[in-house]
Structure formats: structure tokens, C-alpha cells
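Here's the letter readout for the chains.
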Amino acid sequence: MADTQQVDGAIDAKQAAKAERRADRLAKEINAFAKAHGGAEGQVAYIGERGARIVLVGEDGGWGDLVAPSYDIAEQAVKKAGITVHEAFDGEFAGKVKTGPYEWTRMAGIQVGGKRTA
């Protein structure tokens, strides 16, 4: 039994180190986005087995997202990046997003059967 516990402990430590590295990489990407957009705020949303989506909105209205393999890793990443995190993507936070012609054409094409611009 002791042998099994040692192996399990080693696997857990490896997984924890891997998760830490992934959170660090995501935090660097978040910081790069924030630097390019004059700052950033975010929201973390659980997306099932795929993990969690980190939606970022820059001070200039630019937006983007990242996908983390788990909700915990996503939370670690935004905490390490030091950005403001919202509980929901609505209201004043959603109102900061600026969309361009591409998004409007794409949305209209999907919703009303128009030409897709993929």
C-alpha cells in the first residue's frame, strides 16, 4: 500500500506542476493582451469537459478569449495576471466590447441564413 501512495503522490505532484505551468502561460497571454489593449478585465466561464473560457475585454473595447483545461487553472491564471474578474458577462462589462464589420457580418450570416464569411 505504501508503494501505491508514493506513486499516487508523484503523479499528483506532476499534475500540480503541469497545472501551475499552464496557469503561468495563460497569465502571460492575459498580460500581453492587457498590455496591447491598455488594460483588461475578464470573466471565467465553465464550458464542460473542455475546461473554462476566459473572456477578456480591453480598455479600448478589443476582446478575445482563452481556453484553460480546467476552471481551477483559469482562476489561477486570472489571479496571477491581476485583472479584474466579473462573475457574469453582462451589463456594463459587456457594454465595453466594441465589435466591427466582421462580427456583424458573421452574426447576421449565421442567424438569418445570409452569406457566411469564414
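It should be noted that the structure appears before, not after, this text.
The shown structure was predicted, so the numbers you read here are calculated from the model rather than taken from an experiment. (Residues numbered from 1 in each chain as written. Predicted model: local features only at pLDDT ≥ 70, side-chain atom pairs only at ≥ 80, totals over all residues. Heavy atoms only, no water.)

(A) Structural detail: the environment of Ala 74. Residue position: Ala 74 is located in helix H2 (residues 71-81). Judged by its relative accessible area of 0%, Ala 74 falls in the buried class. When the C-alpha positions of Ala 74 and Ala 52 are compared, they lie 6.4 Å apart, and in sequence the two are 22 residues distant. Those residues in contact with Ala 74 that lie beyond four places of it in its chain are Val 44, Ala 52, Ile 54 and Ala 68. (Helix = DSSP H or I, 4+ residues; strand = E, 2+ residues; numbered from the N terminus. Buried < 20%, exposed > 50% of the residue type's maximum accessible area, 1.4 Å probe, protein only. Contact = heavy atoms within 4.5 Å.)

(B) Looking closely at the side chain of Glu 41. The topology assignment puts Glu 41 in strand E1 (residues 40-46). Taking the relative accessible area as the measure of exposure, Glu 41 reaches 9% and is therefore buried. For Glu 41, the side chain forms a polar contact with the side chain of His 86, separated by 2.4 Å. Apart from the residues lying within four places of it in its own chain, the contact partners of Glu 41 are Val 55, Leu 56, Val 57, Glu 59, Ile 83, Thr 84, His 86, Phe 93 and Lys 96. (Polar contact = N/O pair within 3.5 Å; in protein donor to acceptor, adjacent residues only side chain to side chain.)

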